[in-house]
Amino acid sequence: RRVLFRSEIDSMVDRESNHASHTPEELEKWLAQIGRTEEEVRDEMRPVADIAVRRALVLGELATLEGIAVEEAEVDAEVDRMLDQFFGAGSGLEGDQKLQFRAMFDTPDSRASIRHQLMTSATLGRLVEIASQDEAGEADAPRARGKIGRAHV
């Protein structure tokens, strides 16, 4: 858990600094601009990182228990949706041009991020289903899989 916590704080510093944390020089420049030390920034982020890690662990466990999975086809569909959203469905982007732009969006890192977003959304959808059951409980209620519950991704 400590490694996840440290990684989450690193990610938060990276996002907050607009990726200035990629090099020590850029990070120092950013810290000077905001008038804070790295330790001050990291201390401020600790409570939020702790909550984020706890939530991720709980959602991961729920996804495992509920058998929620994201298929590669769903990741492909999300990349296509992002391309359509970015360029517009009627942008005239066709053939080789579309493949070139797809290659820019379709990297291992972006696919992992998309998969994580889809998994989180599907798991939260299942959590809503569970919380919405009447008091009698519906043990056989349909379980969310992949696309179910990802309308707001």
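Residues numbered from 1 in each chain as written. Predicted model: local features only at pLDDT ≥ 70, side-chain atom pairs only at ≥ 80, totals over all residues. Heavy atoms only, no water.

**Quick look at the nonpolar core**
Move 1: Ranked by size, the top nonpolar core spans 10 residues in total: I9, M12, V13, A20, L27, W30, L31, V41, M45 and A49.
Move 2: Ignoring sequence-local partners within four residues, the contact set of V41 consists of V13, W30, L31, I34 and R36.
Move 3: Counting 6 residues, the second-largest nonpolar core is a separate cluster that includes V70, V75, L83 and I114. (Core = buried A, V, L, I, M, F, W, Y, C linked by side-chain atoms within 4.5 Å. Buried < 20%, exposed > 50% of the residue type's maximum accessible area, 1.4 Å probe, protein only. Contact = heavy atoms within 4.5 Å.)

**Looking at the pattern of salt bridges**
Pairing of side chains with opposite charge becomes possible as their charged atoms draw close.
Move 1: Considering all chains together, one arrives at 14 salt bridges under this definition.
Move 2: Residue R126 pairs with E129 through a salt bridge whose shortest N-O separation is 3.0 Å. With R126 and E129 both in helix 6 (residues 108-132) and 3 residues apart, the pair spans about one turn of that helix.
Move 3: One continuous salt-bridge network, built from bridges that share partners, spans E72, D76, D106, R111 and R115. (Salt bridge = Lys/Arg side-chain N within 4 Å of Asp/Glu carboxyl O. Helix = DSSP H or I, 4+ residues; strand = E, 2+ residues; numbered from the N terminus.)

**Observations regarding the confidence of the model for the chain**
Move 1: Model confidence for the chain is summarised by a mean pLDDT of 83, while 82% of its residues fall at 70 or above.
Move 2: Long-range and interchain partners of residues 144-153, a stretch whose pLDDT sits below 50, account for 28 contacts in this model, where long-range means more than four residues apart. (pLDDT = per-residue confidence, 0-100.)

**Quick look at helix 6**
Move 1: In this model, helix 6 (25 residues) spans 36 Å end to end at C-alpha, consistent with the 36 Å of a helix rising 1.5 Å per residue.
Move 2: Turning to helix 6, its buried residues are S110, R111, I114, L118, S121, A122, T123, G125 and R126. (Expected span 1.5 Å × (residues − 1).)

**Structural notes on the side chain of R126**
Move 1: Among the residues examined, R126 registers a relative accessible area of 4% and is labelled buried.
Move 2: Of the polar contacts made by the side chain of R126, one reaches the side chain of E66; its length is 2.8 Å.
Move 3: At 3.0 Å, the side chain of R126 and the side chain of E129 are in polar contact. (Polar contact = N/O pair within 3.5 Å; in protein donor to acceptor, adjacent residues only side chain to side chain.)

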